[in-house]
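# Secondary and tertiary structure notes
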Amino acid sequence: MGDSAYSFSLTTFSRTGKLLQIEYALNAVANGRTALGIAAKDGVVIATDKKFGSALVEGEGVKKVEQVTDGSGFVYAGVGPDYRVLVRKARKSAQAYFREYREVKPVGQLVKSTASVMQEYTQSGGVRPFGVSLLVAGMDGDGVPRLFQVDPSGAYFGWKATAIGK
Amino acid sequence: MSILEYNGAAIIAMAGKDCVAIASDNRLGISYQTVAMDFKKVFKMNDRLMVGLAGLATDVQTLDQLLRFRMNLYELREEREMTPEVFTNLMSNMLYEKRFGPYFCEPVIAGLDPKGKPFLGTMDLIGAQAMAKDFCVAGTCDGNMYGMCETLWKPDMEKEELFETLAQALLASVDRDALSGWGGVVHIITKEGITSRELKGRQD
């Protein structure tokens, strides 16, 4: 990924041991519209709102809560276009999994691979981290409802309920 | 002689009542010359799944290693066992990846699904799957094996009868085939686990 002239990582450590690009990405998330998720006994709910700059905006086509597999979906807080890239990659990875195993990709595996992609963008040449935190909701064959948060750093957490964004 | 017949093999898997059994012969040859009488062709993947590989011996061994590799990674990542259906599809995918330079191997997959029901599957060397409820065969005497199985198999056999039937079918099939034989081994998979028995056959 990235231009051939930029084979070095733009995300570098500060003296205090922080990766400032990731901190700033988290700021972008904190300024994004609220998204939340709650895991219940028999399912998970994720939600966000759509607020537009003008009454003339046609909001119908804009999707924020997106299905990824038959058993999982995403919602986000942060930079919308970055989110769409992650949804595309996650869908493709889930389909590749299905092709290999003829089984729906489990939510946990989906979270791990998406988180892995996000981490790559903190340690590759010429790219910046994704400016989104994701909430991943789903249920596998075992019927257990699951809710995960994935951050720009690639760190992920399981939640019973949580909210991200403003 | 075709490459699939170079080393010789005979594999049969049969379904019984809540159990499956898979058997193979023991011969390894280099064309007409027998080189080993204890060559392993059936491999345990987990306590409820075994795969028999018929064909070129180097590919039999390599595929066993590759399947082990994939299984181990799957179990570590997913923290669960692979079901026979998923395994069959994985194998089909692996074989098709080499569509234009294939592994010369035809697998027979025998296991118990998560509900404990028998699962039998087979495929050609490039991954075309076929599942069966009764029996699956592969090897240099597959015609013989089909005939024996069709005649001897009946539904819902308990594991002792399944063992006898499978053993008779295998031994009679390999006796008329120069490239397979030298005894055999039968594995019976039930929900309690896997039991294996050696078969004494004609050593020629």
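Scroll up to find the structure this text is about.
Predicted, not measured: the structure shown is a model, and the values here were computed from it.

Scanning chain A for helices and strands turns up three helices and eight strands. Each helix and strand of chain A, ordered N terminal to C terminal, gives the series α-β-β-β-β-α-α-β-β-β-β. Taken against the 2.2 N^0.38 rule, which gives 15 Å for 166 residues, the C-alpha radius of gyration of chain A at 16 Å falls within 12% of a compact globule. Overall, the C-alpha framework of chain A stretches about 45 × 45 × 30 Å when taken along its three principal axes. A total of 166 residues make up chain A; the buried ones form 39% of that total. Sequence separation of 24 or more characterises 60% of the internal contacts of chain A that already satisfy a separation of 6 or more. Here chain A displays about 9400 Å² of accessible surface, and carbon together with sulfur accounts for 54% of that area. Taking the average location of the 21 positive side-chain charges in chain A and that of its 15 negative ones, the two points are 3 Å from each other.

All names here are of chain B. Sheet architecture is open: five strands sit in the order β10-β1-β2-β11-β12, paired in antiparallel fashion. The sheet terminates laterally at β10 (135-139) and β12 (193-199), the two strands that pair on one side only. Ignoring which end each strand starts from, the neighbouring axes of this sheet average 10° apart. Two elements, strand β1 (residues 10-15) and β10, share five bridges in a ladder whose sense is antiparallel. Within the sheet, the bridge partner assigned to M14 lies in β10 and is F135.

A word on the interface of chain A and chain B. If you look at the interface, chain A gives ten residues, while chain B gives twelve residues. Roughly 960 Å² of surface becomes buried between chain A and chain B when both sides are summed, with 35% attributable to carbon and sulfur atoms. Considering only the side of chain A, the residues that lose the most area to chain B are E100, Y101 and E103 of chain A, jointly responsible for 56% of the buried surface there. Across the contact surface, chain A and chain B share two salt bridges. Where R80 of chain B meets E103 of chain A, a salt bridge forms, and the shortest distance between an N and an O atom there is 2.9 Å. Along the contact surface separating chain A from chain B lie nine residue pairs in polar contact (both at pLDDT 80 or more).

The next subject is the packing of aromatic side chains. Any aromatic ring pair is given by two values, namely how distant the centres are and how the planes are angled relative to each other. The final tally for this structure, using the stated rule, is six aromatic pairs over all chains. Aromatic pair Y6 of chain A and F8 of chain A: ring centres 5.4 Å apart, planes at 50°, arrangement tilted. For Y6 of chain A, a relative accessible area of 41% translates into the label partly exposed. Feature note: the residues Y97 and Y101 of chain A together with Y74 of chain B constitute an aromatic cluster, connected by ring pairs. Here the basic side chain of R197 of chain B rests over the ring of F163 of chain B, its NZ or CZ set 4.4 Å away from the ring centre.

Okay, the pattern of salt bridges next. Per the stated rule, a full pass over the model turns up 16 salt bridges over all chains. Taking the shortest distance from any N to any O, the salt bridge between D25 of chain B and K41 of chain B comes out at 2.7 Å. Placement of the pair is D25 of chain B in strand β2 (residues 20-25) and K41 of chain B in the loop between β4 (33-36) and β5 (42-46), with a sequence separation of 16 residues. K41 of chain B matches D25 of chain B in its accessibility class, with the two residues each being buried. Within the structure, one salt-bridge network assembled from shared partners comprises K63, E66 and R91 of chain A.

So, on to the state of the cysteines. The tally for this structure, following the rule as stated, stands at zero disulfides over all chains. Among the cysteines around C19 of chain B, which has no disulfide bond, C149 of chain B carries the closest sulfur, lying 15 Å off.

Another point: the side chain of D151 of chain A. All names here are of chain A. Checked against the element boundaries, D151 lands in the loop between β6 (145-150) and β7 (156-158). Here the side chain of D151 touches S133 through a polar contact of 2.7 Å, side chain to side chain. Discounting chain neighbours no more than four positions away, the residues touching D151 are L26, M118, V132, S133 and F157.

Residues and elements named next belong to chain A. The geometry of helix α2 (residues 80-101) relative to helix α3 (residues 107-120) is characterised by a closest axis approach of 10 Å and an angle of 135° between their N-to-C directions. On the basis of the axis angle, α2 is oblique to α3. Handedness of the crossing formed by α2 with α3: right-handed. On α3, the residues that touch L86, K89, A90, S93 and A94 of α2 are L110, S113, T114, V117 and M118. Partitioning the contact of α2 with α3 into residue classes produces six nonpolar, three polar and one charged.

A word on α3 of chain A. Between its first and last C-alpha, α3 of chain A extends 20 Å over 14 residues, near the 20 Å set by a 1.5 Å rise per residue. For α3 of chain A, the complete set of buried residues consists of V107, Q109, L110, V111, T114, A115, V117 and M118 of chain A.

Residue and element names in this part refer to chain B. Reading across from one edge, β5-β6-β7-β8-β9 is the order of the five strands in this open sheet, with antiparallel pairing throughout. Across the chains shown, the open sheet's two edge strands, defined by having one partner strand only, are β5 and β9 (129-132). On average, each strand axis in the sheet is inclined to that of its neighbour by 20°, with strand direction left out of account. Strands in contact with helix α1 (residues 57-78) are β5, β6 (49-55) and β7 (105-112); relative to β5, the strand with the most contacts, it is inclined by about 5°.

What counts, and where the lines are drawn
- Residues numbered from 1 in each chain as written.
- Chains lettered and ligands numbered in written order.
- Predicted model: local features only at pLDDT ≥ 70, side-chain atom pairs only at ≥ 80, totals over all residues.
- Heavy atoms only, no water.
- Helix = DSSP H or I, 4+ residues; strand = E, 2+ residues; numbered from the N terminus.
- Rg over C-alpha atoms; globule rule 2.2 N^0.38 Å.
- Buried < 20%, exposed > 50% of the residue type's maximum accessible area, 1.4 Å probe, protein only.
- Contact = heavy atoms within 4.5 Å.
- Areas by Shrake-Rupley, 256 points an atom, 1.4 Å probe, with all protein chains shown as cover.
- Lys, Arg positive; Asp, Glu negative; His and termini not counted.
- Charge placed at Lys NZ, Arg CZ, Asp CG, Glu CD.
- Pairing = 2+ DSSP bridges.
- Axes fitted to C-alpha atoms, helices over the stretch in contact; angles between N-to-C directions.
- Buried area = accessible area lost by both parts, 1.4 Å probe.
- Salt bridge = Lys/Arg side-chain N within 4 Å of Asp/Glu carboxyl O.
- Polar contact = N/O pair within 3.5 Å; in protein donor to acceptor, adjacent residues only side chain to side chain.
- Phe/Tyr/Trp six-rings, centres within 6.5 Å; stacked < 30°, edge-to-face > 60°.
- Lys NZ or Arg CZ within 6 Å of the ring centre and 35° of its normal.
- Disulfide = S-S within 2.5 Å.
- Parallel < 35°, antiparallel > 145°, perpendicular 65-115°, else oblique.
- Left-handed = near helix turned anticlockwise from the far one by under 90°.
- Nonpolar A, V, L, I, M, F, W, Y, C, P; charged D, E, K, R; others polar.
- Expected span 1.5 Å × (residues − 1).

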